[in-house]
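Residue-level listing of the chains:
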Amino acid sequence: MAFCPRCAAPNIDTAVACAACGAPLSAAPGAPVPPIAGLGPGPATPSFDASLAPRTNGLAIAGFVTSILCGVVGLILSIVAYNQCKKSNGQLKGEGLAIAGIIIGGVNIVLGIILRAAAH
Ligand SMILES: [Zn+2]
């Protein structure tokens, strides 16, 4: 039984190359194993086309965050973002964020009015 110097797979003694990974078994133990064609740096993987994948609407994120800080601005941003998501035919994600921004912005405005009224 000969063990592969590269992957340690057991091979028959007469084997010239490893049945598992193809590394030459005639090489002395510890000798550098020549790289196998196809496992080295091959052609670059096709670049991911981000324009085809659905992406999150940045405005929806901005509207959500802003709705917590400033209700009116966040509400407006979220409504615009929601409309953009609706018109994008699924290309823009973030509809849920936009709805959350609209709700939070609305609550923020109502709370602001109540607090202002209570202060008077
Ligand atoms: Zn091997």
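Residues numbered from 1 in each chain as written. Predicted model: local features only at pLDDT ≥ 70, side-chain atom pairs only at ≥ 80, totals over all residues. Heavy atoms only, no water.

K.L.:
Mind laying out the coordination of the zinc ion, listing which residues take part and the relevant values?
P.N.:
For the zinc ion, the full set of protein donor atoms is Cys4 (SG), Cys7 (SG), Cys18 (SG) and Cys21 (SG), at a range of 2.2 to 2.3 Å. The site at the zinc ion holds four donor atoms, and with the angles between them running 103 to 113°, its shape is tetrahedral. Coordination of the zinc ion draws on donor residues from a single chain, spaced C-x2-C-x10-C-x2-C in sequence. (Donors = N, O, S within 2.8 Å, 3.2 Å for Na, K, Ca; no water. Tetrahedral: all angles 85-135°; square planar, octahedral: opposite > 155°, others 65-115°.)

K.L.:
How would you summarise the packing of helix α1 (residues 58–69) against helix α3 (residues 95–119) if you had to cite specific residues and measurements?
P.N.:
Following both chains from N to C, one finds α1 and α3 inclined at 20°, their axes separated by 8 Å at the closest point. It follows from the interaxial angle that α1 and α3 lie roughly parallel. Regarding α1 and α3, the two cross each other, and that crossing is left-handed. For the pair α1 and α3, contact is made by Ala60, Ile61, Gly63, Phe64, Ser67, Ile68 and Leu69 and by Leu97, Ala98, Ala100, Gly101, Ile104, Gly105 and Asn108, respectively. (Axes fitted to C-alpha atoms, helices over the stretch in contact; angles between N-to-C directions. Helix = DSSP H or I, 4+ residues; strand = E, 2+ residues; numbered from the N terminus. Parallel < 35°, antiparallel > 145°, perpendicular 65-115°, else oblique. Left-handed = near helix turned anticlockwise from the far one by under 90°. Contact = heavy atoms within 4.5 Å.)

K.L.:
I'd love a proper account of α1, names of residues and values included.
P.N.:
Its twelve residues give α1 an end-to-end C-alpha distance of 17 Å, which sits within 8% of 16 Å, the value for a rise of 1.5 Å per residue. When we look at burial in α1, the residues that qualify are Ala60, Gly63 and Ser67. The buried residues of α1 occupy one face: seen down the axis, they fall within an arc of 60°. Residues of α1 that are buried make contact with α2 (71–87) and α3. With a side-chain oxygen positioned 3.0 Å from the backbone nitrogen of Leu59, the residue opening α1 is Asn57. (Expected span 1.5 Å × (residues − 1). Buried < 20%, exposed > 50% of the residue type's maximum accessible area, 1.4 Å probe, protein only. Arc of directions from axis to C-beta. Polar contact = N/O pair within 3.5 Å; in protein donor to acceptor, adjacent residues only side chain to side chain.)

Just distances and angles here, no functional claims.
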